Amino acid sequence: MDDTLVAALLGALVAALGGLMVPTLVARVPEPEPPTASEPDAGDPADPVPDAVPDDEPPKMLYVDIAERPGLGWRSAVIAAVAGGLLGASTGLDWPLLWLIPLTPVAVALSVIDWHTRLLPRRIVVPATLAAIAVVTVVGLATGERDALVRALAGMVVARSFFWVLWFLRSAGMGFGDVRLAAPVGLVLGWVGWGALALGLWVGFIAFALPAVGLAVVRRDRTVLKKSFPFGPFMVIGALVGLVWGTALAGRIWG
C-alpha cells in the first residue's frame, strides 16, 4: 500500500478517535472566575468574565452545556478525521505527524469553544503549545532537521508577536486567546516553511473577513462589521490550508 495512503488513513483514524473525546475535553475546562477588587488580574485576559458580555448579547454559554450538545462527539470526529486525513496525505509517513495529528482534535475543541463563547481557554492552549514545542524540538534535534526547528521556533515568535500587536492595537474581533493560539499555529506552519506560514495566516484572515462582509452585504447593514466574531476557527482553517497546500500555493503566488 502506498505510504501516502497509509499516512492519510492513519491520520484520519487517530484524529477521529481524538475527535470523539472533544466533548470530554470541553466539559473539563473550568469556567472563568470574575476578578475581585483585591485581585484585579484574577481573570484570564483571554477569558472575559460573564458579566463583561454586552447587554444586547446572551450570557456566556457554559462549557458543560457545550459538551452536552447533541452529536458534538461524532461531528467533531468527522471534522477531525477529514483534517487528519488531509494532513496525513500531504505529510506522508514523516515526523510532523507526531504533533499534527494530536493537535487536530485539540484544534477542533478550541474551535467549538470559541464559536460558542468567543473564548480560547489557556487551560487548553498553553499545555498544547508546550507539548508541541517539546515534540518539535526533540524531533528537530534527533533527526538533524535543525533548519526546520529554528524556522518553526522563529515562526512561532513571529506569529505570536504579530497577533500581539493586533491585540494591543485593539483590532476588531481580536482577543488575547487569539494571541496565544498564534503560537502553536506559527510553530507548525514554520516547520513547513515561510511560505506556508504567510499563506496560513493570510487565509485565516480572508476566511474570517469574507463571511462577515457577505452577511453585511446581504443584510445591507454595515453594523454587522462592528460586531465581535470568533476568530479562532478561522485561524485553524488557515493553518490547515497552509499545512496542506501552503508550500505549493506560496510558490505560485509569490514566485
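Since we're looking at a predicted model, the values are computed, not measured.

### Describing the UniProt feature "transmembrane region" (unreviewed entry) in the chain
So, step 1. Here the UniProt feature "transmembrane region" (unreviewed entry) sits at residues 97-117, 124-142, 148-169, 181-210 and 230-251.
So, step 2. When the span residues 124-142 is considered, its composition is 100% helix and 0% strand, and the gap between its end C-alpha atoms is 27 Å.
So, step 3. Helix makes up 97% of residues 181-210 and strand 0%, with an end-to-end C-alpha separation of 21 Å.

### Looking at the environment of Ala 198
So, step 1. Here Ala 198 is to be found in helix H9 (residues 194-219).
So, step 2. The exposure class of Ala 198 is partly exposed, given its relative accessible area of 36%.
So, step 3. Taking C-alpha positions, Ala 198 is 9.2 Å from Ala 159, a pair spaced 39 residues apart along the chain.

### Looking at the packing of aromatic side chains
The geometry of an aromatic ring pair is captured by two quantities: the separation of the ring centres and the angle between the planes.
So, step 1. Counting across every chain of the model gives twelve aromatic pairs.
So, step 2. Here the aromatic rings of Phe 163 and Phe 205 are separated by 5.6 Å at their centres, their planes lie at 20°, and the arrangement is stacked. Within this pair, whereas Phe 163 is found in helix H7 (residues 146-168), its partner Phe 205 is found in helix H9, the two being separated by 42 residues in sequence.
So, step 3. Relative accessible area serves as the criterion here: at 1%, Phe 163 is assigned to the buried category.
So, step 4. Among the residues examined, Phe 205 registers a relative accessible area of 27% and is labelled partly exposed.
So, step 5. Plain terms: the ring middles of Phe 205 and Phe 231 are 5.1 Å apart, the flat faces sit at 40° to each other, and that makes the pair tilted. On the criterion of sequence distance, the pair formed by Phe 205 in helix H9 and Phe 231 in the loop between H9 and helix H10 (232-254) is long-range, its members being 26 residues apart.
So, step 6. Taken together, Trp 115, Phe 162, Phe 163, Phe 205, Phe 208, Phe 231 and Phe 234 form an aromatic cluster joined through their ring pairs.
So, step 7. Taking NZ or CZ as reference, Lys 60 lies 3.8 Å from the ring centre of Tyr 63, over its face.

### Describing the side chain of Thr 104
So, step 1. Looking at the secondary structure, you find Thr 104 in helix H5 (residues 97-117).
So, step 2. Reaching out from Thr 104, the side chain makes a polar contact with the backbone oxygen of Leu 100 at a distance of 2.8 Å.
So, step 3. Non-local contacts of Thr 104, meaning those with residues more than four positions away in its chain, are made with Ala 15, Ala 80, Ala 83, Gly 84 and Leu 87.

Basis of the calculations
- Residues numbered from 1 in each chain as written.
- Predicted model: local features only at pLDDT ≥ 70, side-chain atom pairs only at ≥ 80, totals over all residues.
- Heavy atoms only, no water.
- UniProt positions renumbered as here; feature names shortened; annotations may be inferred.
- Helix = DSSP H or I, 4+ residues; strand = E, 2+ residues; numbered from the N terminus.
- Buried < 20%, exposed > 50% of the residue type's maximum accessible area, 1.4 Å probe, protein only.
- Phe/Tyr/Trp six-rings, centres within 6.5 Å; stacked < 30°, edge-to-face > 60°.
- Lys NZ or Arg CZ within 6 Å of the ring centre and 35° of its normal.
- Polar contact = N/O pair within 3.5 Å; in protein donor to acceptor, adjacent residues only side chain to side chain.
- Contact = heavy atoms within 4.5 Å.

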